[in-house]
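Descriptive analysis of the structure
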Amino acid sequence: MLRDGEVAGCISTQERPLQGCRSERLGRMTYGLVATPQAAARWFPKGVTPEAVEKAPAVIFNRADTLHERLLERAIGGARAPIPTHWIPSPEKFADALLMGLGYGMLPRQQSAAHLEAGRLVDLAPAHKVPVDLYWQCWNLKSPWLETFTRQLVAGARGLLGGGNAR
């Protein structure tokens, strides 16, 4: 949509700006593999193992989402076969699907922390996380409105994500 001029800016995982745009690092989201305690007990009684991953239903955002496979690669060397998957391409409904026990999936710390503390979710692989750097990309225009919006968005995101230019 940014490339087509439908929006003035977007949050992206791509650091390199599109032609005619600029990019500013917002910070890092750290994703963990979570499930309800009931789903964890049912599907992962011996922890995250290749055998469990072959049977347990995964909740994944869409086919372009590689967070799941990145974490499984780190935790168990990857899945040996295609895994059972529920596709939930809705940011609003994704966590709800996990909280209903539909399966296990990747949530950022900002979204999972309260659920983990309350015991509604458990971290299936606490030693393994997937960091994702986020960037604000916007048209490289001299626009007071866009400059003000960019400044406020970057400050707010860095406060939430603990971001900035440091890696």
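For the structure itself, consult the block above.
The text that follows walks through the structure, step by step, so that each part is easy to find. (Residues numbered from 1 in each chain as written. Predicted model: local features only at pLDDT ≥ 70, side-chain atom pairs only at ≥ 80, totals over all residues. Heavy atoms only, no water.)

1. Details of the packing of aromatic side chains
Here is the rule: In this analysis, rings of Phe, Tyr and Trp, with Trp reduced to its six-membered ring, are considered paired at centre separations within 6.5 Å, and the interplanar angle assigns stacked below 30 degrees, edge-to-face beyond 60, and tilted for intermediate values. Working definition: helices are DSSP H or I runs of at least four residues, strands are E runs of at least two. Numbering for both runs from the N terminus. Only protein chains enter the area calculation, which uses a 1.4 Å probe; residues under 20% of their type maximum are buried, those over 50% are exposed, and those in between are partly exposed.
The full count for this structure, using the stated rule, is four aromatic pairs. Relative to F94, the ring of F61 has its centre 6.5 Å away and its plane inclined at 50 degrees; by these criteria the two rings are tilted. Within this pair, whereas F61 is found in the loop between β3 (58-60) and α3 (67-76), its partner F94 is found in helix α4 (residues 91-99), the two being separated by 33 residues in sequence. Measuring from centroid to centroid gives 5.4 Å for W145 and F149, while their planes differ by 10 degrees, and the two rings are stacked. Of this pair, W145 and F149 both sit in helix α6 (residues 144-161), four residues apart, which is roughly one turn of the helix. Residue W145 is classed as exposed on the basis of its relative accessible area, which comes to 57%.

2. Observations concerning α4
Quick note on the threshold: Arc definition: directions from the helix axis to the C-beta atoms. In what follows, residue pairs with any heavy atoms lying within 4.5 Å of each other are defined as contacts.
What α4 keeps buried is the set F94, A95, A97 and L98. Along the axis of α4, the buried positions cluster into a sector of 155 degrees, meaning they face one direction only. Opposite the buried face of α4, at more than 90 degrees from it, the exposed residues are E92 and K93. Looking at the packing, one finds that the buried side of α4 touches β2 (21-35), β3, β5 (104-108) and α5 (109-118). Positive backbone phi, approximately 85 degrees, marks G101, located one or two places after α4.

Everything listed here is a matter of coordinates, which is why it stays silent on function.
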